[in-house]
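# A structural walkthrough
Below are the chains, spelled out letter by letter.
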Amino acid sequence: MTTETATVTRLNWSTLKYLATSPKLLKWRTTHPQADTPALRLGRAIHCAILEPEAFQKRWVVAGQCAAKTKSGEPCKSQGSLCWAGEWYCKVKGHAVEGAFPVTGEVEVIERDEETLVASCASAVAGHRVASKLLKGGLAEHGIEWTNAETGIACRGRLDYLRPSEVVDLKSTAEETVRGFTRVVTSRLYYAQLAWYHDGAIAAGKIQSDAKLPAIVAVQTVEPYDVVPYRLTRATYEAGQILYRDLLLKYRDCLSADVWPGIADGEIPLDLPNWAGGMNGSDYEGGNW
């Protein structure tokens, strides 16, 4: 790893998770952070509105309609994204006045329809009997630091919500079913992330070793904005624990040898899933299964 990466004092999950793809990707991401996206920005807004509602108005502003006029003299109907002297302008060439700038720094911009969505999510969580209790009586966006006893690696994490007896994570999702959300938890390694936070909170002395297993409050970002509280089972937690420990051991070895291989050095057999056309005698007929 480069000298810059090797001197990182504490490892967080956002970095370690890339090792599940390859050490090469982890090394790349330490110097090439993933670009921000509208989905990530919206997720941050939802988190802030639910976990830190008193800070939401200070951190987020709603973009107004573009103040410019079209060539025909009609008001522009586009949403503004650039600001100048209290007015908003879109990015259409010639609409923004000279000096108009995107809002940066500690303040972020959301559009009017996004503000409505964020408010709907926050209201849904507040109105849910179980979810609302899971996000009370503790600390929001709480940072912790610890040292992994097995590897000696210094670690850190930022917990969505830390209660005296448990770690609670907030997830916004477009998935409408439990099965769909389970796929997301699996593919995005959320179960390992929660095991990492849970064990980290124990190591940091924030919760007891016999604390409740981590909970997830999932809020839908589509109507009807349903809210589902989940609790990791023992088997799910242990699977996450095995995964993050394995990644830590690989990270330690890569760091020690300063060798960061890609996904594979040789050929990988490519197997189709059982449901693919032609597998197990299944037929494919004009796109219909």
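Right, let's walk through the structure included here.

Cut-off values and rules
- Residues numbered from 1 in each chain as written.
- Predicted model: local features only at pLDDT ≥ 70, side-chain atom pairs only at ≥ 80, totals over all residues.
- Heavy atoms only, no water.
- Helix = DSSP H or I, 4+ residues; strand = E, 2+ residues; numbered from the N terminus.
- Buried < 20%, exposed > 50% of the residue type's maximum accessible area, 1.4 Å probe, protein only.
- Areas by Shrake-Rupley, 256 points an atom, 1.4 Å probe, with all protein chains shown as cover.
- Lys, Arg positive; Asp, Glu negative; His and termini not counted.
- Charge placed at Lys NZ, Arg CZ, Asp CG, Glu CD.
- Polar contact = N/O pair within 3.5 Å; in protein donor to acceptor, adjacent residues only side chain to side chain.
- Contact = heavy atoms within 4.5 Å.

## Describing the overall build of the protein
Scanning the protein from terminus to terminus reveals 10 helices and 9 strands. By principal-axis analysis of the C-alpha atoms, the protein measures approximately 65 × 55 × 45 Å. For the protein, with 289 residues in total, the buried portion stands at 39%. For the protein, the computed accessible surface area is about 17,100 Å², with 52% contributed by carbon and sulfur atoms. Charged side chains of the protein number 32 positive and 34 negative; the gap between the two group centres comes to 4 Å.

## Concerning the side chain of His 47
Tracing the backbone through its elements, the reader meets His 47 in helix H4 (residues 38–51). Since its relative accessible area comes to 16%, His 47 is described here as buried. Here Leu 170 takes part through its backbone oxygen, which lies 2.9 Å from a polar atom of the side chain of His 47. Beyond its immediate sequence surroundings of up to four residues, His 47 is in contact with Glu 52, Glu 141, Asp 160 and Leu 170.

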